[in-house]
Amino acid sequence: MKGHLRGQEPPEIGFLAMSEVTKRILVTGGTGLVGRAIEKVVADGEGRPDEEWIFVSSRDADLTSSSETKALFERHKPTHVIHLAAMVGGLFKNIRSNLDFWRTNIHINDNVLHTAHESGVQKVVSCLSTCIFPDKTTYPIDETMIHNGPPHSSNFGYSYAKRMIDVQNRGYSEQHGRRFTAVIPTNVFGPHDNFNIEDGHVLPGLIHKVYLAKQSGSALTVWGTGKPRRQFIYSLDLARLFLWVLREYDEVEPIILSVGEEDEVSIREAAEAIAEAMEFRGELVFDTTKSDGQFKKTASNAKLRRYLPGFQFTPFRKAVKETCAWFNANYASARK
Ligand SMILES: NC(=O)c1ccc[n+]([C@@H]2O[C@H](COP(=O)([O-])OP(=O)(O)OC[C@H]3O[C@@H](n4cnc5c(N)ncnc54)[C@H](OP(=O)(O)O)[C@@H]3O)[C@@H](O)[C@H]2O)c1
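These numbers were taken from a predicted model, which means no experiment stands behind them.

A.B. asks: It is not clear to me how the UniProt feature "domain: NAD-dependent epimerase/dehydratase" (unreviewed entry) in the protein chain should be interpreted in this structure. Could you clarify?
C.D. replies: Here, the residues flagged by UniProt with the feature "domain: NAD-dependent epimerase/dehydratase" (unreviewed entry) are residues 25–260. Taken as a whole, residues 25–260 contains 43% helix and 17% strand, while its terminal C-alpha atoms sit 29 Å from one another.

Pasting the structure below:
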């Protein structure tokens, strides 16, 4: 293994290599879907000998508290930060709790960015989302459009809080010359996702529903019409791209991390891919009394392709299969 995970010194590299560490990378939200994927990619060989990786969760510090955030930074003295920690949830949790999404995420983001600035962190990569873009827009969406109009009403709290990260990054750059930037992933899925049916995102929620429908021999009920379209990114692909952004990407302006427009799938197609991966042979029923959310939010990955024309994404059905296999194998401990 190249690179060090804190508390897990690699056997083949001893004191000499530890003294070569020049980057201490603190990953907030390190126990979530994206954090676990970065940890796996680093442990599987993408880490480098000059890097020490520190993955933290809310148990290490409640980042809504400025004093706990400062203490965390004093403890680990990071030179780089990947900032993932956030209050995250699917459409229905957002609709219920817009105010909580706004306040929690505003506090977390301001504490992390300002503490990083005050403690001289060289680079911060934060995480926005394509669902924060204006509801009324032209397609495909690109990085220049974030602030062009109100977001979809279902998740205005989360969206405005995330947009302010971009505002703050610009401010730290202009006023203090800091290199704080952000990435904009589309819908992420993979092992360690939140598979809660009420509060989670559409894909892990569907995986859990198929699991239960298979057990009880009932039909699979998909919320909404099944017609909305989404670009999904496998968490392990996103993790590899995060490493590239941390090491190579030098802009303050954010970058969309997404599969191509041609790889967008409908919710119906996603449900069918899950049914196939889980070998579910029952009926698919669409509950049209439930909200569809935004019909689509097709994003352009042209900027990413200019930098990394050869990057290979895992095919959607293969990634779905691996995620379903992980959920089946880890049902007892999975977040649900
Ligand atoms: N999932 C997606 O589809 C998606 C799409 C686009 C962008 N994103 C963004 O990607 C990032 C990671 O998302 P994810 O899906 O990996 O999230 P996740 O699985 O829900 O994990 C959230 C992480 O944040 C930590 N956290 C939450 N509240 C905290 C607090 N008050 N103090 C400290 N840590 C806190 C959690 O720690 P505990 O485990 O201790 O609670 C956990 O490690 C987020 O910024 C999210 O907005 C996600």
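Having seen the structure, we can now continue with the description.
A.B. asks: I tried to follow a nonpolar patch on the surface on my own but got confused; where do I start?
C.D. replies: Taken together, L99, W102, F156 and Y160 make up a surface patch of nonpolar side chains, about 390 Å² in accessible area. Of all elements in the fold, only α5 (98–118) and α6 (156–176) reach the threshold of two or more residues within the nonpolar patch. On the secondary structure map, L99 appears in helix α5. Judged by its relative accessible area of 56%, L99 is exposed.

A.B. asks: Before we go on, may I ask you to explain the confidence of the model for the protein chain in this structure?
C.D. replies: Close reading of the predicted structure is inappropriate where its pLDDT is low. In the predicted model, the protein chain carries a mean pLDDT of 93, and the fraction of residues at 70 or more is 95%. Counting contacts from residues 9–17, a segment whose pLDDT is below 50, to residues more than four positions away or on other chains yields 11 contacts.

A.B. asks: Would you mind showing me how to read the packing of helix α9 (residues 267–277) against helix α11 (residues 316–329) here?
C.D. replies: Running from N to C, α9 and α11 cross one another at 55 degrees; their axes reach a closest spacing of 9 Å. One element, α9, and the other, α11, form an angle in the oblique class. Considering only the axes of α9 and α11, their crossing is right-handed. Seen from α9, the contacting residues are E269, A270, E272, A273, I274, E276 and A277; seen from α11, they are F316, R317, V320, K321 and C324. The residue makeup of the contact of α9 with α11, split by class, is seven nonpolar, no polar and five charged.

A.B. asks: Teacher, can you tell me more about the nonpolar core here?
C.D. replies: In globular proteins that are soluble, nonpolar side chains generally tend to be buried together. The biggest cluster of nonpolar side chains holds 64 residues, and the ones touching the most others in it are I38, W53, I82, L203, F242, I274 and F316. Sequence-distant contacts of I82, defined by excluding residues within four places in its chain, comprise I25, L26, V27, T28, I38, W53, V125, F242 and L246. In this structure, L26, I108, A116 and A299 belong to the second largest nonpolar core, which totals 32 residues.

A.B. asks: Explanation requested: the site of the ligand in the structure shown.
C.D. replies: In the vicinity of the ligand, 28 residues are found, and the nearest of them are T31, S58, Y158, K162 and R335. Side-chain polar atom of T31 to an oxygen atom of the ligand: 2.7 Å apart, as the coordinates give it. In this structure, D62 approaches the ligand through a side-chain N or O atom, which is 3.0 Å from a nitrogen atom. Counted by class, the shell around the ligand contains 14 nonpolar, 11 polar and three charged residues.

A.B. asks: Explain unusual backbone geometry to me, please; I cannot follow it from the model alone.
C.D. replies: Residues apart from glycine generally show negative phi values, whereas peptide bonds are mostly found in trans. The amide bond that connects Y139 to the next residue, P140, takes the cis arrangement and shows omega of 0 degrees. Tracing the backbone shows P140 in the loop between β5 (123–127) and α6. Backbone geometry places H192, a non-glycine residue, at a positive phi of 70 degrees. For H192, the location among the structural elements is in the loop between β7 (187–189) and α7 (202–216). By relative accessible area, which is 29% here, H192 ends up partly exposed. Of note in the backbone geometry, E279 takes a positive phi value of approximately 55 degrees without being a glycine. In this structure, E279 sits in the loop between α9 and β13 (284–287). Residue E279 is classed as exposed on the basis of its relative accessible area, which comes to 52%.

Quick notes on the rules
- Residues numbered from 1 in each chain as written.
- Predicted model: local features only at pLDDT ≥ 70, side-chain atom pairs only at ≥ 80, totals over all residues.
- Heavy atoms only, no water.
- UniProt positions renumbered as here; feature names shortened; annotations may be inferred.
- Helix = DSSP H or I, 4+ residues; strand = E, 2+ residues; numbered from the N terminus.
- Patch = residues over 30% accessible without salt bridge, like charges linked within 9 Å, V, L, I, M, F, W, Y side chains within 5 Å.
- Areas by Shrake-Rupley, 256 points an atom, 1.4 Å probe, with all protein chains shown as cover.
- Salt bridge = Lys/Arg side-chain N within 4 Å of Asp/Glu carboxyl O.
- Buried < 20%, exposed > 50% of the residue type's maximum accessible area, 1.4 Å probe, protein only.
- pLDDT = per-residue confidence, 0-100.
- Contact = heavy atoms within 4.5 Å.
- Axes fitted to C-alpha atoms, helices over the stretch in contact; angles between N-to-C directions.
- Parallel < 35°, antiparallel > 145°, perpendicular 65-115°, else oblique.
- Left-handed = near helix turned anticlockwise from the far one by under 90°.
- Nonpolar A, V, L, I, M, F, W, Y, C, P; charged D, E, K, R; others polar.
- Core = buried A, V, L, I, M, F, W, Y, C linked by side-chain atoms within 4.5 Å.
- Near = heavy atom within 4 Å.
- Polar contact = N/O pair within 3.5 Å; in protein donor to acceptor, adjacent residues only side chain to side chain.

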